[in-house]
Structures are given as C-alpha cells and as structure tokens.
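Residue-level structural notes
The lines below spell out each chain.
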Amino acid sequence: MARTMKMKIKKKDNGIAEVLCLVNHPMETGLRKDKKTKQLIPAHHIQKMLFDVNGKTAADVSLAGSISKNPLIGVHVKANSGDTVKVSWSDNKGETGSAEKKVP
Amino acid sequence: MQRRTFLKSSLASGALLMAAGAGLLKPTRVLAAEWNKDAFTAKDVASAVKAVFGTSDAADSDKIKLKAPALAENGAVVPIKVSSSLPDAKKMAVVIEKNSSPLAAVVDISDGEPFFSARVKMGKTSPVTAYVMSGGKLYKTSQEVKVTVGGCGG
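The rules behind the values
Position numbers for residues count from 1 along each chain, tracking the sequence in the order it is written. Chain labels run from A onward and ligand labels from 1 onward, assigned in the order the entries are written. Two thresholds apply to this predicted model, a pLDDT of at least 70 for residue-level local features and 80 or more for giving and counting side-chain atom pairs, whereas whole-chain, interface and lining totals are computed over all residues. Where side-chain values are given, they derive from all heavy atoms of the structure, hydrogens and water being excluded. The secondary structure listing takes helices from DSSP runs of H or I that are at least 4 residues long and strands from runs of E that are at least 2 residues long, numbered from the N terminus. To sort residues, take the accessible area from a 1.4 Å probe on protein chains only and compare it with the maximum for the residue type: under 20% means buried, over 50% means exposed, and anything in between is partly exposed. Any two residues whose heavy atoms approach within 4.5 Å are treated as being in contact. Accessible surface is estimated by sampling points in the Shrake-Rupley manner with a 1.4 Å probe; for residues, cover comes only from the protein chains shown. As used here, buried area is the combined drop in accessible area, with a 1.4 Å probe, of two parts when they are placed together. What counts as a salt bridge is simple: a side-chain nitrogen of Lys or Arg found within 4 Å of a carboxyl oxygen of Asp or Glu. Think of a polar contact as two N or O atoms within 3.5 Å of one another; within protein, one of them needs to be a possible hydrogen donor and the other a possible acceptor, and neighboring residues in sequence only count if both atoms come from side chains. In the scheme used here, Gly and all other residues not listed as nonpolar or charged are polar, with Ala, Val, Leu, Ile, Met, Phe, Trp, Tyr, Cys and Pro taken as nonpolar and Asp, Glu, Lys and Arg as charged. At least two bridges found by DSSP between two strands is the condition for calling them paired. For our purposes a nonpolar core is just a set of buried Ala, Val, Leu, Ile, Met, Phe, Trp, Tyr and Cys residues, chained together by side-chain atoms within 4.5 Å. Throughout, an axis means a line fitted to C-alpha atoms (over the contacting stretch in the case of helices), and angles, computed between N-to-C directions, take values from 0 to 180 degrees. Between 30 and 60 degrees the pair is tilted, below 30 it is stacked and above 60 it is edge-to-face, where a pair is any two Phe, Tyr or Trp rings, Trp via its six-membered ring, whose centres lie within 6.5 Å.

Describing the overall build of chain A
Regarding its fold elements, chain A presents 0 helices and 7 strands. Reading chain A from its N end, one meets helices and strands in the order β-β-β-β-β-β-β. Buried positions account for 52% of the 104 residues belonging to chain A. For chain A, restricting intrachain contacts to residue pairs at least 6 apart in sequence, the fraction spanning at least 24 positions comes to 53%. Carbon and sulfur atoms form 50% of the exposed surface of chain A, whose accessible area is close to 5,100 Å².

Some thoughts on the interface of chain B and chain A
The partner chain A presents 39 residues to the 32 residues of chain B that form the contact. Buried surface at the junction of chain B and chain A, both sides included, amounts to about 2,900 Å², of which 51% is carbon and sulfur. Of all residues in chain B, the largest losses of buried area upon contact with chain A belong to Trp35, Asp111 and Arg119 of chain B, amounting jointly to 23% of the total for that side. In this structure, the connection of chain B to chain A is made through 0 salt bridges. Between chain B and chain A we count 18 residue pairs in polar contact (both at pLDDT 80 or more) in total. Going through the elements one at a time, β6 (103–109) and β7 (112–120) of chain B are the ones with two or more residues in the side of chain B that touches chain A. Per element, the largest residue contribution to the side of chain B that touches chain A is 8 residues, and it comes from β7 of chain B. Tallied by class, residues from the side of chain B that touches chain A come to 18 nonpolar, 7 polar and 7 charged. With 4 bridges joining them, strand β5 (residues 72–78) of chain A and β7 of chain B adopt antiparallel strand pairing. Residue Gly74 of chain A lies in a different strand from β7 of chain B, and its bridge partner there is Ser117 of chain B.

As for the nonpolar core
The biggest cluster of nonpolar side chains holds 51 residues, and the ones touching the most others in it are Met49 and Phe51 of chain A together with Phe116 of chain B. Core analysis: the second largest hydrophobic core is formed by 17 residues, Ala39, Phe40, Val106 and Tyr131 of chain B among them.

Description of the sheet that holds strand β2 (residues 16–23) of chain A
Working definition: the strands of a sheet are paired by backbone hydrogen bonds and lie parallel or antiparallel to each other. Taken in spatial order, the 6 strands make up an open sheet running β1(A)-β2(A)-β5(A)-β7(B)-β4(B)-β2(B), and their pairing is antiparallel. Either end of the sheet is taken by a strand with one partner, and the two such strands are β1 (5–11) of chain A together with β2 (64–67) of chain B. Neighbour-to-neighbour, the strand axes of this sheet turn through a mean angle of 15 degrees, independent of strand direction.

Focus: the pairing of β2 of chain A
All names here are of chain A. Counted residue by residue, β2 has 7 buried out of 8 residues, so it is predominantly covered. As paired strands, β1 and β2 are joined by 7 bridges and run antiparallel to one another. Bridge pairing in β2 links Ile9 to Val19. Remark: 4 residues form the turn of the hairpin made by β1 and β2, two consecutive strands paired antiparallel; Asn14 in that turn has positive phi of roughly 55 degrees.

Observations concerning the packing of aromatic side chains
Residue and element names in this part refer to chain B. Evaluation of the coordinates by the stated rule reveals 2 aromatic pairs over all chains. Between Trp35 and Phe40 the ring centres are 4.8 Å apart and the planes differ by 5 degrees, which places this aromatic pair in the stacked class. The class for Trp35 is buried, based on a relative accessible area of 16%. Here the aromatic rings of Phe53 and Tyr131 are separated by 6.3 Å at their centres, their planes lie at 40 degrees, and the arrangement is tilted. Placement of the pair is Phe53 in helix α3 (residues 45–53) and Tyr131 in strand β8 (residues 126–134), with a sequence separation of 78 residues. The exposure classification of Phe53 matches that of Tyr131, with both residues buried.

Focus on the environment of Phe40 of chain B
By the element assignment, Phe40 of chain B lies in helix α2 (residues 37–41). Judged by relative accessible area, Phe40 of chain B falls into the buried class, the value being 3%. With 64 residues separating them along the chain, Phe40 of chain B and Ala104 of chain B place their C-alpha atoms 7.5 Å apart. Excluding residues within four positions of it along the chain, Phe40 of chain B makes contact with Ser62, Leu63 and Ala64 of chain A together with Trp35, Ser101, Leu103, Ala104, Ala105 and Val106 of chain B.

None of the figures reported here should be taken as evidence of function without further support.
Here it is, written out as structure tokens:
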C-alpha cells in the first residue's frame, strides 16, 4: 500500500537546509494489545530513513517503534537552492517509499 | 491434463513466493547501512548505547541542546529536538530510559549539521538522553520528561 509522504524544506544559513518529512505510517511497537481479541498487534514500524542530496546520502536515520505514529522527522543537511533532496524509507515488513523535492 | 498444468503452475508460483519470503529476492535499492537490531532490541540503556557507539562512557556536555517538554500530557506524542555545536559530530542517538526498548533513534550524518527532530512515544515519566559522538568521544545531555498518560502498551 502506498503511504502518503509530505516534505518541507526550509533554507537556513551557511548552505544548510532543514528537511522535514512526514510519513503516514502506523509505527506499531509490537507491545500493544488488540482490545477485542487480546492478541498482540505485530510490530510494524519504519526502520530506516535516508536523506539524499543530489543522489548522495547526507543523513541516515534509524528508527525504533518508539517513534510516534505518522512520524515527522527533521534533519539538517548541506544543500543549496536548486538541489534535489530525496527521502526514502523502509520498514520491518519490507515496505518502502520515497519522495523528492527541490530546495527553494 | 488440466489438473496437471494447474498443479505445475501453482508449484512454480509457490516456489517464487517462498523465495521472496526468505529474502532471496532483495529489493533493488540496497540501504547504506543495516538497521542495528542489537541496539534497538536492547533492554537497558548501557547495552543499547554500547551497541550503537561501541562505548557506553559518555561525558555530560552543554554543547548538546535537547528540547523536550518538561511535562507531556500525552505520552504517545512527545516532541523532541536535538542539536549540537560539537565539532565533527557524525553520529547521534536518542534514548528514552524507561521505555521497554530504550533506543528511539540513531542518526548518521555524512553531509550536514547535527540536528534531529521527531515525536516519540513514552511509556512513563523518564529521562530522555541525547548522545552525540564527536571526534571519537561520546557526549550526552539529559532531561526529565513527566508523562501523565503513557503512550506505549495498553
């Protein structure tokens, strides 16, 4: 299932850009119980998020299930106006997704 | 005859499914580094930090800024922000001490500034610690976040 992603890039001083990325993802820890069936809900969370600038990885984020659902992750990368920032993620069930945006 | 061909085709697709399940068919894009399973499944802070940085000796530093609420009403969504002015910071981690698996996030920076923001889940009131590796040494800073309603389990 395709999950929607939103990206926001804010330009900072000294060639640094703040990249904010929101992924629509349940982020199940694997510790929660279904209230009706009393069964544990299996873990399902994003494990890796890569922030690429012009095809080169600038930041590599590993996440645990303890990140809130629909995670909003922010990092600072070196990027100038016109550079392309690509965010790609993968979760523990093998789902992946990516989004691209140019630095304003 | 029809039954025979049906059996054959179902066998073939079954084998393909099994191959995919066993991870033989790798996704086209190979990720830069593997997810550090030992660190993320560690049950105590010391072993989680050791699995990430190779050492658990960290010195307190005021050059790491950790922004977190002093009181979080909803433990399911606690906004945190980590930034640092330490030189040559290449790796950062966020640890929530009293969560059942304390390590929340690890950031590897290859081309950028040490900065990370996210929203985390917290089971109960606990210190949140940010670790930054700078020039081969480990630094940390910590803040207690009070949680009135937990966001893990239930």
